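Structural features, examined
These are the residues of each chain, in order.
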Amino acid sequence: MSVSNITVFRPSVLTLIGIPGLESVQCWIGIPFCVMYLIGMIGNSLLLIIIRSEHSLHEPMYIFVGMLGVTDIVLGTSIVPKMLGIFWFHVPEIYFDSCLLQMGLIHTFQCIESGILLAMALDRYVAICYPLRHAAIFTHHLVSQIAAVVTLRAAVLGAPCLILIKFRFHFYHTTIISHCYCEHMAIVKMAAENVRVNKIYGLFVVFTVAGFDLTFITLSYIQIFITVFRLPQKEARLKAFNMCIAHICVFLQFYLLAFFSFFTHRFGAHVPPYIHILFSSLYLLVPPFLNPLVYGAKTKQIRIHLIKMLYS
């Protein structure tokens, strides 16, 4: 791709325009976004306090829930304050390096969240299929190793996206990003140079992370369902399903929104831009909002300790 005559050399400031086509109602869209963010922050903070303070919850499943809470807090905080600044206070400018930092945080912690969901599926698989060996397999040492590997994988896969943009691109067609946060492809599309490598690497990361995690999550639940349906007692089957239903809800809402956002961005040429941006924003806002509600409502131990905390 040849460099156009009208280009900007390494802009220091970019402009996020919000949601194209809905500029006149952005102030109203910001209200439910803000409510979801606040509920998510309060809910996840309560989850972390309960899990940290209650020794009986220092088990792998609840530790993974706590890790999910930390991830959700970082994801929400990385986008919502700036988004509300655009919607309510008309402050669309963002420094180029700050934009890259926001993009890096978003994609790194998305990858971490996917890895945590995989770890939770494997934990449920061992707990239901090999209950007598669960405590011996999922030790605190293994949980720490899983957390380290998941974080390292996200950092290793996410760093090249930042490096490829920071050091490969010198000229940009525009400094305006048609989005309400700094999304990888939205930044890449501004470049006035060959973006083929960036697009290929972005696809590689998506299919590597989602393909690997989804495959093993699906296999885990196939084995879980086979084991559950073989249980002779109805009460035992219901108890086993109840152990998994919260995780299945979180897993489905995370990946369904993720795939809708991904495919509309790359292949939905006829999808209005505001539809894509709304769904990609919801993809980042809904999991932090729903996760504490789902785990608080469906996990008996967390619910009991939450009620005790509120009464005390």
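Residues numbered from 1 in each chain as written. Predicted model: local features only at pLDDT ≥ 70, side-chain atom pairs only at ≥ 80, totals over all residues. Heavy atoms only, no water.

Threshold: UniProt positions are given in the numbering used here, feature names are shortened, and annotations may be inferred rather than shown by experiment.
As annotated in an unreviewed UniProt entry, the protein is Olfactory receptor from Panthera pardus. Of the comments in the UniProt record for the protein, the one headed Sequence similarities (unreviewed entry) reads "Belongs to the G-protein coupled receptor 1 family."

**A few points about the nonpolar core**
Note the following rule: We call a set of buried Ala, Val, Leu, Ile, Met, Phe, Trp, Tyr and Cys residues a nonpolar core when their side-chain atoms join them within 4.5 Å. Three exposure classes are used, based on accessible area relative to the maximum for each residue type with a 1.4 Å probe and protein chains only: buried under 20%, partly exposed in between, and exposed over 50%. Helix and strand definitions follow DSSP, with helices as H or I runs of at least four residues and strands as E runs of at least two, each counted in order from the N terminus. Whether two residues are in contact is decided by their heavy atoms, any of which lying within 4.5 Å being enough.
Counting 92 residues, the largest nonpolar core has Phe64, Ile165 and Ile177 as the members making the most contacts within it. Top contributing element to this core by residue count: helix H3 (residues 96-129), with 17 residues. Those residues in contact with Ile177, other than ones at most four positions away along the chain, are Leu14, Thr15, Leu16, Ile17, Cys99, Cys182, Ala186, Ile187 and Met190.

**Thoughts on the environment of Ala147**
By secondary structure assignment, the location of Ala147 is in helix H5 (residues 140-168). Taking relative accessible area as the criterion, Ala147 reaches 21% and is therefore assigned partly exposed. Counting along the chain gives 31 residues from Ala147 to Ile116, while the straight-line C-alpha distance between them is 7.8 Å.

**Some points on unusual backbone geometry**
Positive phi, close to 40°, is recorded for Arg10, a residue that is not glycine. Note on Arg10: relative accessible area 43%, which makes it partly exposed. Residue His90 is not a glycine yet carries a positive backbone phi of 55°. Considering the arrangement of structural elements, one finds His90 in the loop between helix H2 (60-89) and strand E3 (93-95).

**Considerations on the state of the cysteines**
As a reminder, the rule being used: Two cysteine sulfurs form what is called a disulfide whenever their separation falls within 2.5 Å.
By the definition in use, this model includes one disulfide. Two residues, Cys99 and Cys182, share a disulfide whose sulfurs are 2.0 Å apart. Looking down the S-S bond of the Cys99 and Cys182 bridge, the torsion is -120°, so its handedness is left-handed. Taken together, the residues span a long stretch of sequence, with Cys99 in helix H3 and Cys182 in the loop between strand E5 (176-177) and helix H6 (184-188) at a distance of 83 residues. Considering cysteine sulfurs only, Cys34 is the nearest to Cys27, which forms no disulfide, with 13 Å between them. Residue class for Cys27 comes out partly exposed when judged on its relative accessible area of 33%.

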